[in-house]
Amino acid sequence: MTDTALLAVALAAAAGLLAGRAFAAGRRRGGRGERFRTSPHYTQGLHYLTAGQLVPAISELTKVTREEPAAVDVVQVLSHLLREAGQVEKAIQLHQGLLRRPDLTRAERAYVLGALGTDFRKAGFLDRAAKSYAEALEVDPGDIQALVGQEKLHEDQQEWHEAYAVQTRLARLRKTDDGLVLGHLQAEMGREAARAGNREAAAAAFQVALSLNRRVLPAHLGLAELYAESDPRRAAAILEDAVAAVPERAYLAFEPLARAYSAWGEPSRFVAICERLIGQDPRDWRARVALARHLRAEGKAEESLGLLLRAVEANPQVLLVHLEAWRTLRALGVVGEAEARYVSAAEESAFYVDPHICTACRYRADDMLWRCPHCHEWDTFVEERLAPPSGR
Ligand SMILES: [Zn+2]
């Protein structure tokens, strides 16, 4: 999971932080603790940092902070690196040491308290993290880092209403359009209400989510689910909207859509929508697989196989297409006993059948996830497309 790419991102962030903060500090204070720049360990530490070598970078920057304890910025970056390297306890010690200093500016104190909150959050001490973030916001109510940390902390504990309130404040402070994240938070509120049997609150939350951003697919899915039994026609209309709003993730609506059409008594509509999607994008193997599955269930295994063979031609690297073809061959009765055993074994041993990857941190999962379990960003997962073998 945490591979080199991820490490490089963390290091680049730290290097940027160091350069930016040191620069700002130099302008602001003009001197206090600035001698570290002339230290060979500082130069060496930066060198390792840009080369992506975390351990020697930590070792060199540790030497800088011993020579020059007043170099607040270096201590902050060092603690950031220690946290990324999994040495959270050391990061906590450094941050607590910084907080004992009488010469911190108000902004620095808020920053260090916020960073300490993140240390605690990473270490799993959620109460202490909440306390540190609150203290940071007491010192500086507009401290972005503490607000971001507080929001993530609420998310970690599935406190969606609280997370939503903090995220709203962040959007106002940063003047950013956080509609997608706010929409996902509303969708989580909707799912929670639906689980508790509160249909009205669930529907309201899903509607708010979609008014914030029409691309919040879980809100479409949740809303459709509310009407799946009572009004399948309405459920189908909601899911058709979802397919139009987020065409590249249409496949996530296929199963409930097929069910809604069938409950409505219009199963042929599913064939039509799949054919339309295939027409729009001939490489859309998911629509082909969905249609093939549908046709096979209707006893049209020959047609199903034809579709899958075309899907294999367009996307030979996608394991799910092969799995579906094997199942159809089995349905056609052309697979002998030995072959059937092989197919079952292959089905059971296939890992990463449907690989997805987080575009923010490269975390990989065998499914579509709405919130990355590693970097905690929303809506960052895409299907991981492996390149076909060269020469094709
Ligand atoms: Zn991620």
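These notes cover the structure that comes with them. Keep in mind that what you see is a predicted model, and the values were worked out from it rather than measured.

Rules behind the numbers
Residues numbered from 1 in each chain as written. Predicted model: local features only at pLDDT ≥ 70, side-chain atom pairs only at ≥ 80, totals over all residues. Heavy atoms only, no water. Salt bridge = Lys/Arg side-chain N within 4 Å of Asp/Glu carboxyl O. Buried < 20%, exposed > 50% of the residue type's maximum accessible area, 1.4 Å probe, protein only. Donors = N, O, S within 2.8 Å, 3.2 Å for Na, K, Ca; no water. Tetrahedral: all angles 85-135°; square planar, octahedral: opposite > 155°, others 65-115°. Axes fitted to C-alpha atoms, helices over the stretch in contact; angles between N-to-C directions. Helix = DSSP H or I, 4+ residues; strand = E, 2+ residues; numbered from the N terminus. Parallel < 35°, antiparallel > 145°, perpendicular 65-115°, else oblique. Left-handed = near helix turned anticlockwise from the far one by under 90°. Contact = heavy atoms within 4.5 Å.

## Details of the pattern of salt bridges
Stage number 1. For the structure on display, the rule yields 22 salt bridges.
Stage number 2. Of the charged contacts, one joins Arg269 and Glu266 as a salt bridge, the two residues approaching to 3.4 Å between their closest N and O atoms.
Stage number 3. The partly exposed category is assigned to Arg269, whose relative accessible area is 36%.
Stage number 4. The exposure class of Glu266 is partly exposed, given its relative accessible area of 29%.
Stage number 5. Close ionic contact of Arg327 with Glu324 constitutes a salt bridge, the shortest N to O distance being 3.0 Å.

## Quick look at the coordination of the zinc ion
Around a metal, the ideal angle is 109.5 degrees if four donors adopt a tetrahedral arrangement and 90 or 180 degrees if six donors adopt an octahedral arrangement.
Stage number 1. Donor atoms from the polypeptide that coordinate the zinc ion comprise Cys358 (SG), Cys361 (SG), Cys372 (SG) and Cys375 (SG), at 2.3 to 2.4 Å from the metal.
Stage number 2. For the zinc ion, the four donor atoms in the first shell make angles of 105 to 113 degrees at the metal, so the coordination geometry reads as tetrahedral.
Stage number 3. Mapped onto the polypeptide sequence, the residues donating to the zinc ion form the spacing pattern C-x2-C-x10-C-x2-C.
Stage number 4. Given the relative accessible area of 0%, Cys358 is considered buried.

## Looking at the packing of helix α15 (residues 268–280) against helix α16 (residues 285–297)
Stage number 1. Following both chains from N to C, one finds α15 and α16 inclined at 155 degrees, their axes separated by 9 Å at the closest point. With respect to α16, the axis of α15 lies roughly antiparallel. Relative to α16, α15 is oriented so that their crossing is left-handed. Residue-level contacts link Phe270, Val271, Cys274, Glu275, Leu277 and Ile278 of α15 to Ala287, Arg288, Ala290, Leu291 and His294 of α16.

In short, the description is geometric, and any link to function would need to be established separately.
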